[in-house]
Each structure stands twice: as structure tokens, then as C-alpha cells.
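Structure at a glance
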Amino acid sequence: MAAYFTSKWSTIGSSLLGNLRNNIVFCASTAHETTRLGNSSSLFLQQLRTFIQMRTKLKVVDNSGAKWVRCIQSLKGRKGARLGDTIIASVKEAQPRGKVKKGEVVYGVVVRAAMQRGRCDGSEVKFDDNAVVLVNKQGEPIGTRVFGPVPHELRKKKHLKILTLAEHIA
Amino acid sequence: MRLEKCWFCSSTIYPGHGIQFVRNDAKIFRFCRSKCHKNFKMKRNPRKVRWTKAYRRLHGKDMTQDSTFEFERRRNRPERYDRNVAQETLKAIKKIDKIRVDREASHHAMRMKGKKAIERQAAAKELEQSIHLVKAPLALQEDPSLTRPKIKVKVSQPQAEEQMEE
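Rules of the game
Numbers given for residues are sequential positions, taken from 1 along each chain in its written order. The naming scheme follows written order: chains are lettered A onward, ligands numbered 1 onward. For this predicted model, a pLDDT threshold of at least 70 governs which residues receive local features, and a threshold of 80 or more governs which side-chain atom pairs are given and counted, while totals over whole chains, interfaces and linings are taken from all residues. As a convention, hydrogens and water are excluded, and side-chain values are obtained from all of the structure's heavy atoms. Helix and strand definitions here come from DSSP, where helices need a minimum of 4 consecutive H or I residues and strands a minimum of 2 consecutive E residues; each element is numbered from the N-terminal end. Buried residues are those whose accessible area, probed at 1.4 Å on protein chains only, stays under 20% of the maximum for their type, while exposed residues exceed 50% and partly exposed ones sit between those limits. Contacts: residue pairs with any heavy atoms within 4.5 Å of one another. Per-residue accessibility takes into account occlusion by the displayed protein chains alone, with areas from the Shrake-Rupley method and a 1.4 Å probe. At least two bridges found by DSSP between two strands is the condition for calling them paired. What counts as an axis is a line fitted to C-alpha atoms, over the stretch in contact for a helix, and the angles between N-to-C directions run from 0 to 180 degrees. Salt bridges are counted wherever a side-chain nitrogen of Lys or Arg sits within 4 Å of a carboxyl oxygen of Asp or Glu. Working definition: rings of Phe, Tyr and Trp (its six-membered ring) pair if their centres are within 6.5 Å, and the pair is stacked with planes under 30 degrees apart, edge-to-face with planes over 60 apart, and tilted otherwise. To qualify as a nonpolar core, a set must consist of buried Ala, Val, Leu, Ile, Met, Phe, Trp, Tyr and Cys residues joined through side-chain atoms within 4.5 Å. It is the directions from the helix axis to the C-beta atoms that the arc portrays. When two parts are brought into contact, each loses some accessible area as probed by a 1.4 Å sphere; the total of that loss over both is the buried area. A 3.5 Å cut-off defines polar contacts: any pair of N or O atoms within that distance qualifies, except that in protein one atom must be a possible hydrogen donor and the other a possible acceptor, and neighbouring residues in sequence count only when both atoms are side-chain atoms. UniProt positions are given in the numbering used here, feature names are shortened, and annotations may be inferred rather than shown by experiment.

Focus on the overall build of chain B
- Within chain B one finds six helices and four strands.
- Here chain B holds 166 residues, and the buried ones make up 16% of them.
- Counted over contacts in chain B with a minimum sequence separation of 6, partners at least 24 positions apart contribute 41%.

Some points on the overall build of chain A
- Looking only at helices and strands, chain A has three helices and nine strands in total.
- Traced from its N-terminal end to its C-terminal end, chain A shows the element sequence α-α-β-β-β-β-β-β-β-β-α-β.
- Counting over 170 residues, chain A shows a buried share of 36%.
- Excluding contacts between residues fewer than 6 apart, the proportion of contacts in chain A whose partners are at least 24 apart in sequence is 48%.
- For chain A, the exposed area adds up to about 10500 Å²; of that, 55% sits on carbon and sulfur atoms.

Regarding the sheet that holds strand β2 (residues 66–74) of chain A
- The five strands are arranged β1-β2-β3-β4-β7 (chain A) in a closed barrel whose pairing can be described as mixed. The average undirected angle you get between the axes of adjacent strands in this sheet is 55°.

Some thoughts on the pattern of salt bridges
Residues and elements named next belong to chain B.
- Enumeration according to the criterion identifies 16 salt bridges over all chains in this entry.
- Between R73 and E70 there is a salt bridge whose closest N-O contact spans 3.7 Å.
- Judged by relative accessible area, which is 47%, E70 ranks as partly exposed.
- Taken together, the shared-partner salt bridges connect E4, R30 and R74 into one network.

Things to note about the packing of aromatic side chains
Residue and element names in this part refer to chain B.
- Counting across every chain of the model gives nine aromatic pairs over all chains.
- With a centroid separation of 6.5 Å and an interplanar angle of 45°, the aromatic rings of W7 and F8 are classed as tilted.
- The exposure class of W7 is partly exposed, given its relative accessible area of 34%.
- Residue class for F8 comes out buried when judged on its relative accessible area of 1%.
- Relative to F29, the ring of W7 lies with its centre 5.3 Å away and its plane at 80°, an arrangement referred to as edge-to-face. Of this pair, W7 sits in the loop between β1 (4–5) and β2 (12–13) while F29 sits in strand β4 (residues 28–31), and the two are 22 residues apart along the sequence.

Focus: the sheet that holds β4(B)
- Here we have four strands laid out as an open sheet, ordered β5(A)-β6(A)-β3(B)-β4(B), and mixed in their pairing. The two strands at the open ends of the sheet, each matched to only one other strand, are β5 (117–118) of chain A together with β4 of chain B.
- As paired elements, strand β6 (residues 124–127) of chain A and strand β3 (residues 19–22) of chain B share four bridges and run parallel to each other. Within the sheet, the bridge partner assigned to E124(A) lies in β3(B) and is I19(B).
- Seen against the sheet, helix α1 (residues 34–41) of chain B touches β6 of chain A together with β3 and β4 of chain B and runs at an angle of roughly 135° to β4(B).

Notes on the nonpolar core
Residue and element names in this part refer to chain A.
- Ranked by internal contacts, the top residues of the largest apolar core, which has 21 residues, are I52, L58, V69, I87, V106, V132 and L134.
- Those elements that provide at least two residues to this core are β1 (57–60), β2, β3 (86–94), β4 (105–112), β6 and β7 (131–135).
- What I52 contacts, discounting residues up to four positions off in sequence, is L58, C71, S74, G80, A81, I87, V110, A113 and N130.

Topic: the pairing of β4(A)
Residue and element names in this part refer to chain A.
- When you tally the buried positions in β4, you get six out of eight residues, the bulk of the element.
- Where β3 and β4 come together, five bridges link them in antiparallel fashion. By the bridge assignment for β4, T86 is matched with V109.
- Judged from the five bridges that link them, β4 and β7 form a sheet pairing that is antiparallel. The residue bridging V110 from the neighbouring strand is V132, located in β7.

A few points about α1(B)
- Among all positions in α1(B), only C36(B), H37(B), N39(B) and F40(B) are buried. The buried side chains of α1(B) occupy one side of the element, clustering within an arc of 160° when seen end-on.
- Packed against the buried residues of α1(B) are β6 of chain A together with β3 and β4 of chain B.
- Phi turns positive one or two residues past the end of α1(B), at K43(B), with a value near 60°.

Side note on the interface of chain A and chain B
- Facing the 21 residues of chain A at the interface are 18 residues of chain B.
- Taken together, the two surfaces of chain A and chain B that pack against each other cover about 1700 Å², and 57% of this comes from carbon and sulfur.
- At the junction of chain A and chain B, the tally comes to zero salt bridges.
- Summed over the shared surface of chain A and chain B, the result is nine residue pairs in polar contact (both at pLDDT 80 or more).
- With four residues, the top contributor of residues to the side of chain A that touches chain B is β6(A).

Looking at the UniProt feature "domain: TRASH" (unreviewed entry) in chain B
- According to UniProt, the feature "domain: TRASH" (unreviewed entry) maps to residues 6–44 of chain B in the numbering used here.
- Helix and strand shares over residues 6–44 of chain B are 21% and 26% respectively, and the end C-alpha atoms of the span are 14 Å apart.

Next up, the structure:
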């Protein structure tokens, strides 16, 4: 916009030089304001992602029958669970005739987390949503399919069965 | 180990740097630094942001087609390690890099070819049109040494003009 204004004024040519300088200053100030506005709005829009803690709602991405679960306890970490950790959850919404019913207390492995997690080489990885795969107490998955991408860190956590069932490994 | 390219600015991401975002359809977006990640979160288009490689390629600022880019390509077939091949490759890297830099410099020189003349023309025009801001028109009339000397141009057909006036 600023460039457009300056070009317009320079083409007129008959305007005084002092006028021109004033225009440039004006344009610069407006541009500065717009950038500042953009920054503040983006800060407002972005949500701060944190640990998976008590009362976090998670999507169930297997065919065990549950749709949504709510975390009631994380089995590791004082602050909460992260990508690859195991949680205890209660089933909030389930399909009829599934393996698990609404209100059951289940174990689950966090396979996707919106909060970033460091990788072994120092880089970080984060996902779109918080998702969980339901497992039994021994750590074997209840369902027979896993949907969406899962991180390769599950190998380190000894959840090989989930990795073999997964569609994509990120 | 693989050196990936940043999704936003197309720079190389070395191991241990940056962040990667995995969308639910398993598309991976890699970013070299938080600057690129933030720009992605603001939903900016890298083709419209001036400092990215995508913008510079699109607007003809950088070389786009060159045989030196063929060496830096994603290959999905793993190469078996061979000591001789590795040594030769290390030697070739330096040579290829030098050729690439030279070609980029010549591309830049070609791009900037007529710039000086254009700038000079613009400056001359500016001086001619707004000299009255520096010196008052009356002063110029009194002291002709301040004005630029008029260039005499030969007019080939003076008769044609007279006919027009009549």
C-alpha cells in the first residue's frame, strides 16, 4: 500500500518535495501500525498447548468402540502426560455394541499431542489434536485398527503393536 | 540422516534444529526455526513473503533452472557405502559448489544490467523537474550558470512545421 502511494505521488511530479517527504513518513507510520496489529491478533488467536492432564478430552483413534475419553490420571510425570505416555481415562462417548461402554475406566496411550515434544536429536514434533489408543493393563491395544499418523517414539515405549497397526508413522 | 528443507523458507534443516508439525492427514511440515513456524501459524503464503526462497524463485530473483541443482535432489534409494565413492563425492562437492556460486553471480549481474542507467535517468528527471525547490526561478534567470546547458537538436524538416501553423 505504501509503495502504491509513493509511486502515485512521484508520477504526479508537480507536488513539492516537502510534500513527498511528509507522505513517506505517513506511509511508514501506517505500515508500522498494521504490522503491530497483526502480531497482537495472532497472539490472541493462538492457544497455548500444555500437558495432557486431568479433565483433558481426547479423541479415540481405534475401533474399540469409544469415541471420546476424558483423562482422569496420568501414569507418568507430575505435570501430566505427553506424547507416548500412558493415561487412565473414563469413556465419555461410545458407539453402541463396542468393546468398551460409556462410563468405563480405561488405559490409553497418547499417540498424538498438540503440545510439542522433543525428539532424540533435539528437534521437536507436534500434532493437530490430542488422540489416544485404548490399551489394557498389559499395554496391548483393545482395538484392531489405528487411524491417522502416530510418532515413531512409540517404539521406544514398547508399543510395537500400535506401530504395526498404524497407517502412517511420522 | 537426511537434511530436509524448511517448508516455509526452503533452507536446509540440520539435525537437531527446528520443529515439525504433523497434520492429521499425515502431511509433515518441517520448519528450520521458530520464525518460519510462526509465519506458518499466521497462515502466511511463502510465495508472498519476500525473504523466502519460494518468493525469490517465483519473481525471477534467483536462478531456477540449473544443472547444479540436480545433485541436491531427494533420492529414495539408499546408496551402499563405498570408500572411493565417498572420497570422490567430497571432492566433487567443492567443485560443484564453486560452479553454482559463479552461475548465481552471473545471473545477478545479468539481472542488474540496465539498473544504473535507469537510476541515472530518474535522477536527471528529478533534478530537472524540481530544481525550483533548491533555487528560486528568478535566481536561475539572473545566473544562467545554475541551469543545465540546453542540448541543441537538429530539426530536419522546418518547412513541415510552418505548414502546420498556417
